[in-house]
Amino acid sequence: DAMVIQNPRYQVTQFGKPVTLSCSQTLNHNVMYWYQQKSSQAPKLLFHYYDKDFNNEADTPDNFQSRRPNTSFCFLDIRSPGLGDAAMYLCATSSVTGVWETQYFGPGTRLLVL
Amino acid sequence: GDSVTQMEGPVTLSEEAFLTINCTYTATGYPSLFWYVQYPGEGLQLLLKATKADDKGSNKGFEATYRKETTSFHLEKGSVQVSDSAVYFCALLYTGGFKTIFGAGTRLFVKA
């Protein structure tokens, strides 16, 4: 089945130690997103890629970066994780072809910062 | 700015009870409206959607109608099951846009 895959499902890192989360998709969608979801809150969009074009949300901290080496893969890099960055990180994809664009979400990676 | 407001949870129901989760939105234009469901430890799944006023989205016994006059998109199900226990998010997205705006989510517990 076509899907959005996130690895790892759980990631533990130390305060200040860089960490990378990965996302891959078999849907061949041209848009990929990263959301941050803290406990009992709504997902918050960090940035998205439309093909190779990177679009950062205005309130996304500089500590968060992203790479998209090809259509299928997208990475979230947290350069110096703080305790406040502990959250669920959700990857999503969509295809800009229809009247509206449904977003398909992966299972998420839960990040713990020690 | 655009926003989505959902009823606060948790909502606790007995199996086979009727479910309503209220959702209202504020929008400068005419967005598409969505309900997503998040089961424990998982990502979001699209439950249903509506793209214009008076459209009714439906899936797995859930339904919601896009009401422009009341700016609402309430989620309903006639008979809930224990397996429906999850967090439900109402959301809006503009055609051609990329930023989905989510409500805060409503947690539903269904007791056997």
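For the structure, see preceding data.
Quick caveat, the model's predicted, so the values are computed rather than measured.

Asks: Before we move on, could you go through the side chain of Gln25(A) and cite the residues and values that matter?
Replies: Residues and elements named next belong to chain A. Relative to the helices and strands, Gln-25 is located in strand β3 (residues 19-25). Looking at Gln-25, its side chain comes within polar contact range of the main-chain nitrogen of Leu-27, at 3.3 Å. Excluding anything up to four places from it in sequence, Gln-25 contacts Met-3, Val-4, Met-32, Arg-68, Thr-71, Ser-72 and Thr-93.

Asks: Run through the state of the cysteines, naming residues and quoting values.
Replies: On inspection of all chains with the given rule, the structure shows 2 disulfides over all chains. For Cys23(B), the disulfide goes to Cys90(B), at an S-S distance of 2.0 Å. With the S-S bond torsion at -70°, the cross-link from Cys23(B) to Cys90(B) turns out left-handed. Of the two residues, Cys23(B) sits in strand β4 (residues 23-26) while Cys90(B) sits in strand β10 (residues 86-93), which places them 67 residues apart along the sequence. Here Cys23(B) and Cys90(B) have matching classes, each one buried. Sulfur of Cys74(A): no disulfide; nearest cysteine sulfur belongs to Cys91(A) and is 6.0 Å away. On the basis of relative accessible area, Cys74(A) is assigned to the buried category, the value being 1%.

Asks: Residue-level account of the interface of chain B and chain A, with values.
Replies: The interface of chain B with chain A comprises 23 residues on the first partner and 24 residues on the second. Across the chain B/chain A interface, buried area totals approximately 1,800 Å², and carbon plus sulfur atoms make up 61% of it. Interface area lost by chain B to chain A is led by Leu44(B), Phe98(B) and Phe102(B), which between them contribute 33%. If you look at where chain B meets chain A, you find 1 salt bridge.

Asks: Kindly report on the pattern of salt bridges, identifying the contributing residues and their values.
Replies: Opposite charge on two side chains permits pairing when their charged atoms draw close. All names here are of chain B. Applying the stated criterion across every chain, the model contains 6 salt bridges over all chains. Lys-52 is the partner of Asp-55 in a salt bridge, and the nearest nitrogen-oxygen pair spans 3.3 Å. Its salt-bridge partner being Asp-84, residue Lys-77 comes within 2.7 Å of it at the nearest N-O pair. On the accessibility criterion, Lys-77 (10% relative accessible area) is buried. Assessed through its relative accessible area of 6%, Asp-84 is described here as buried.

Procedures and definitions
- Residues numbered from 1 in each chain as written.
- Chains lettered and ligands numbered in written order.
- Predicted model: local features only at pLDDT ≥ 70, side-chain atom pairs only at ≥ 80, totals over all residues.
- Heavy atoms only, no water.
- Helix = DSSP H or I, 4+ residues; strand = E, 2+ residues; numbered from the N terminus.
- Polar contact = N/O pair within 3.5 Å; in protein donor to acceptor, adjacent residues only side chain to side chain.
- Contact = heavy atoms within 4.5 Å.
- Disulfide = S-S within 2.5 Å.
- Buried < 20%, exposed > 50% of the residue type's maximum accessible area, 1.4 Å probe, protein only.
- Buried area = accessible area lost by both parts, 1.4 Å probe.
- Salt bridge = Lys/Arg side-chain N within 4 Å of Asp/Glu carboxyl O.

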